[in-house]
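Chains, contacts and geometry: an overview
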Amino acid sequence: LDGPAGWMNVDASPVLRLQRLPAIGVLFRRMIRPEFSARVIYGDVARGLALPSDSVAIVYSSHVLEHLGLHEFGLALPEIYRVLAPGGTFRSVLPDLELEATRYLQSQSPDRATQFMRATLLGVERREVGVMPVLRGWLGNSAHKWMWDYVSIAAQLKAAGFVDVRRAVLGDS
């Protein structure tokens, strides 16, 4: 969870905040995973980052945007744009809703709906009971809240002021 040397890793996980509490943070580090590196700082892109405007050359987001609700996503894009230096690069890796929907529609499997829900992390297979599972569910953020295809997210990025928006693929940099 460190990220490359020289990079600032920002995370909005409630688990990170709990693990940083004086005294009892040690207990949370043992009980709730993942354990965050000391290099990771708390920051919520939807609420505003403690960074000056135009101060970051590259913003890299890996599997973040699909974990935001639509409203939070609408707050996050202008914040990313704000901190990004002129001529800077924003790159985001996220699942492709169009790809998963196409797989779903083309599948002949009688289990295709379950496969789609599992692939998109949109469903809930089991309602957890007990203190720890409920706590993990409340503090965690593994479920996807909103899915995007390229056409839709490109339109959102352009509306937020980003230019030269393009789809990239694995190995493309």
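Here the structure is shown first, and the text comes after it.
Residues numbered from 1 in each chain as written. Predicted model: local features only at pLDDT ≥ 70, side-chain atom pairs only at ≥ 80, totals over all residues. Heavy atoms only, no water.

1. Section: the overall build of the protein
Each helix and strand counted, the protein has seven helices and four strands in total. Expressed as a percentage of its 173 residues, the buried residues of the protein come to 28%. Here the contacts in the protein between residues at least 6 apart in sequence split such that 71% fall between residues at least 24 apart. When the accessible surface of the protein is summed, it comes to about 11,600 Å², and 59% of that surface belongs to carbon and sulfur atoms. (Helix = DSSP H or I, 4+ residues; strand = E, 2+ residues; numbered from the N terminus. Buried < 20%, exposed > 50% of the residue type's maximum accessible area, 1.4 Å probe, protein only. Contact = heavy atoms within 4.5 Å. Areas by Shrake-Rupley, 256 points an atom, 1.4 Å probe, with all protein chains shown as cover.)

2. Quick notes on the pairing of strand β3 (residues 56–62)
Sheet topology places β3 next to strand β4 (residues 84–93); six bridges connect them, and they run parallel. Bridge pairing in β4 places Y60 opposite R91. (Pairing = 2+ DSSP bridges.)

3. Some points on the packing of aromatic side chains
If you walk through the whole model with that rule in mind, you get five aromatic pairs. Plain terms: the ring middles of Y104 and F116 are 5.4 Å apart, the flat faces sit at 50 degrees to each other, and that makes the pair tilted. Remark: F116 occurs in helix α5 (residues 112–120) and Y104 occurs in helix α4 (residues 97–106); sequence separation between them is twelve residues. Residue class for Y104 comes out partly exposed when judged on its relative accessible area of 28%. The class of F116 is buried, set by a relative accessible area of 17%. In this structure an aromatic cluster arises from ring pairing among Y81, F90 and F162. The lysine or arginine in question, R112, covers the ring of Y104, its NZ or CZ lying 4.4 Å from the ring centre. (Phe/Tyr/Trp six-rings, centres within 6.5 Å; stacked < 30°, edge-to-face > 60°. Lys NZ or Arg CZ within 6 Å of the ring centre and 35° of its normal.)

4. Here we look at the layout of surface pockets
Estimated volume of the second largest pocket: approximately 1,100 Å³. Along its surface, the second largest pocket is lined by 36 residues, and F90, R91, S92, R166 and A168 are the ones closest to its centre. For the lining of the second largest pocket, the secondary-structure elements that each account for two or more residues are β4 and α7 (150–159). In terms of residues, the lining of the second largest pocket owes the most to one element, β4, which gives ten residues. Across the lining of the second largest pocket, the residue classes break down as 20 nonpolar, eight polar and eight charged. (1 Å grid on protein atoms, 1.4 Å probe; cavity = no way out; pocket = protein on both sides within 12 Å on 5 of 7 lines; lining within 4 Å. Points joined across faces, edges and corners; volume = space filled by probe spheres on them. Nonpolar A, V, L, I, M, F, W, Y, C, P; charged D, E, K, R; others polar.)

5. Thoughts on the pattern of salt bridges
Within the structure shown, the criterion is met by six salt bridges. Here R166 and D172 are joined by a salt bridge, their closest N and O atoms 2.8 Å apart. (Salt bridge = Lys/Arg side-chain N within 4 Å of Asp/Glu carboxyl O.)

6. A few points about the side chain of S61
Mapped onto the elements of the fold, S61 is located in strand β3. A distance of 3.3 Å separates a polar atom in the side chain of S61 from a polar atom in the side chain of S92. (Polar contact = N/O pair within 3.5 Å; in protein donor to acceptor, adjacent residues only side chain to side chain.)

7. Side note on the packing of α4 against α5
With their axes 9 Å apart at the nearest point, α4 and α5 run at an angle of 165 degrees to one another. On the basis of their axis angle, the class for α4 and α5 is roughly antiparallel. At the point where α4 passes α5, the crossing takes the right-handed sense. Contacts from L97, E100, A101, Y104 and L105 of α4 reach α5 at R112, A113, F116, A119 and T120. Grouping the amino acids of the contact of α4 with α5 by side-chain chemistry returns seven nonpolar, one polar and two charged. (Axes fitted to C-alpha atoms, helices over the stretch in contact; angles between N-to-C directions. Parallel < 35°, antiparallel > 145°, perpendicular 65-115°, else oblique. Left-handed = near helix turned anticlockwise from the far one by under 90°.)

Note that every value here comes from positions in space, so none of it alone points to a role or purpose.
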